[in-house]
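# Architecture and fold: a report
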Amino acid sequence: MSPASASAAAIARNLATVQERIAEATARANRPAGSVTLVAVSKTHPAESVAAALAAGQVLFGENRVQEAAAKFPSLRPDWPGLRLHLIGALQTNKARDAVRVADVVESLDRPRLAAALAEAMAKEGRRPEVLVQVNVGEEPQKAGIPPGETDAFLRACLEEHGLPVRGLMCIPPAESDPRRHFAWLAERAARHGLPVVSMGMSGDFEAAIACGATHVRVGSAIFGARG
Ligand SMILES: *Cc1c(COP(=O)(O)O)cnc(C)c1O
């Protein structure tokens, strides 16, 4: 357990605050109420933190490691039939089957080999979680994601070669610069392809992401506390 994990009461309070800030940012952007969905990122925090969030009404969670997700979530599912899990972190091809088993959405499809591995895993498991393509919007060498210039071709390959259920795009923009131009780019590219999901914005920048068209924001520390 992360020493900084928030208490159950604090998690409920933080969730209410984040939901309020999402509603305000949505209204400021003249977007329909309820058009932005909160993914509560529970990575590194214990199952008790997830249970506290569930008790406070949050049913959608994000985890970045398959093994951690598989340890925390399956035991909660029987009591919480509405529970949904998004995988948001780098995924090794040899974990594709585990990912397909545990996730409702895989947000981090970031390379051709993983597209092939996910397609094969879905066929074997008979389960088809939705997929988002992660774009390396800042073209940062250390970061995962499809280069912006290759996004169109990669999307075509995912749909036509692999038959993947691609629903949208995801990004993590460069930390140091103003993220808005990257957010705007991602939303425009998703719209151009008729993709309904745009996953962008974290604790530090989710209001800017909503102003630029995010449909899903991924918020961790503002809900669960700092990570150890
Ligand atoms: C950890 C993580 C988040 C949440 O980050 P916070 O700053 O804690 O809100 C969002 N997206 C991804 C991909 C992450 O790995």
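Remember, predicted model here, so these are calculated numbers, not experimental data.

In terms of nonpolar packing, the biggest core is built from 64 residues, with F61, L109, L118 and V133 touching the most fellow members. Examining the composition of this core, we find that 7 residues originate from one element, helix α5 (residues 112-125), more than from any other.

Taking 1.5 Å as the rise per residue, helix α7 (residues 180-192) with 13 residues should run 18 Å; its terminal C-alpha atoms sit 18 Å apart, in good agreement. Within α7 the residues assigned to the buried category are H182, F183, L186, A187, R189 and A190. Taken end-on, α7 shows its buried residues confined to a sector of 165°, consistent with a single buried face. Relative to its buried face, α7 has exposed residues pointing more than 90 degrees away, namely R181, A191 and R192. Buried residues belonging to α7 abut β5 (130-135), α6 (151-161), β6 (166-171), β7 (197-199) and α8 (206-211). Where α7 terminates, the next one or two residues include G194, which has phi positive at roughly 65°.

This part covers the site of the ligand. Lining the immediate environment of the ligand, one finds V41, K43, I88, I172, M202, S203, R218, V219, G220, S221 and R227. Separating an oxygen atom of the ligand from a backbone N or O atom of S221 is a distance of 2.8 Å. Burial of the ligand by the protein amounts to 89% of the accessible area it has alone, namely 390 Å². Taken together, the residues of the shell around the ligand break down into 5 nonpolar, 3 polar and 3 charged.

Here we take up the pattern of salt bridges. Within this structure, the stated rule accounts for 16 salt bridges. A salt bridge links R97 to E125, with the nearest nitrogen and oxygen atoms 2.9 Å apart. With a gap of 28 residues between them, R97 in helix α4 (residues 96-102) and E125 in helix α5 connect regions that are remote in the sequence. With a relative accessible area of 36%, R97 lands in the partly exposed category. R101 is paired through a salt bridge with E125; the nearest N and O atoms lie 3.0 Å apart. Here R101, found in helix α4, pairs with E125, found in helix α5; they are 24 residues apart in sequence, far enough to count as distant. One salt-bridge network, held together by shared partners, links R97, D98, R101 and E125.

The geometry of an aromatic ring pair is captured by two quantities: the separation of the ring centres and the angle between the planes. For the structure on display, the rule yields 1 aromatic pair. Taking the centre distance of 5.8 Å and the plane angle of 55° together, the rings of F61 and F73 count as tilted. Pair noted here: F61 is in strand β2 (residues 60-63) and F73 is in the loop between α3 (66-72) and β3 (84-87), with a separation of 12 residues, a long-range link. Given a relative accessible area of 0%, F73 falls into the buried group.

Even without a glycine there, the phi angle at N30 is positive, about 55°. Positionally, N30 belongs in the loop between α1 (8-28) and β1 (37-41).

Per the UniProt annotation, the sites labelled "modified residue: N6-(pyridoxal phosphate)lysine" (unreviewed entry) are K43. Looking at where K43 falls in the secondary structure, it is placed in the loop between β1 and α2 (47-55). Discounting residues that sit within four places of it in the chain, K43 has contacts with G62, E63, N64, E68, K72 and R227.

Thresholds, definitions, all that
Residues numbered from 1 in each chain as written. Predicted model: local features only at pLDDT ≥ 70, side-chain atom pairs only at ≥ 80, totals over all residues. Heavy atoms only, no water. Core = buried A, V, L, I, M, F, W, Y, C linked by side-chain atoms within 4.5 Å. Buried < 20%, exposed > 50% of the residue type's maximum accessible area, 1.4 Å probe, protein only. Helix = DSSP H or I, 4+ residues; strand = E, 2+ residues; numbered from the N terminus. Expected span 1.5 Å × (residues − 1). Arc of directions from axis to C-beta. Contact = heavy atoms within 4.5 Å. Near = heavy atom within 4 Å. Polar contact = N/O pair within 3.5 Å; in protein donor to acceptor, adjacent residues only side chain to side chain. Areas by Shrake-Rupley, 256 points an atom, 1.4 Å probe, with all protein chains shown as cover. Nonpolar A, V, L, I, M, F, W, Y, C, P; charged D, E, K, R; others polar. Salt bridge = Lys/Arg side-chain N within 4 Å of Asp/Glu carboxyl O. Phe/Tyr/Trp six-rings, centres within 6.5 Å; stacked < 30°, edge-to-face > 60°. UniProt positions renumbered as here; feature names shortened; annotations may be inferred.

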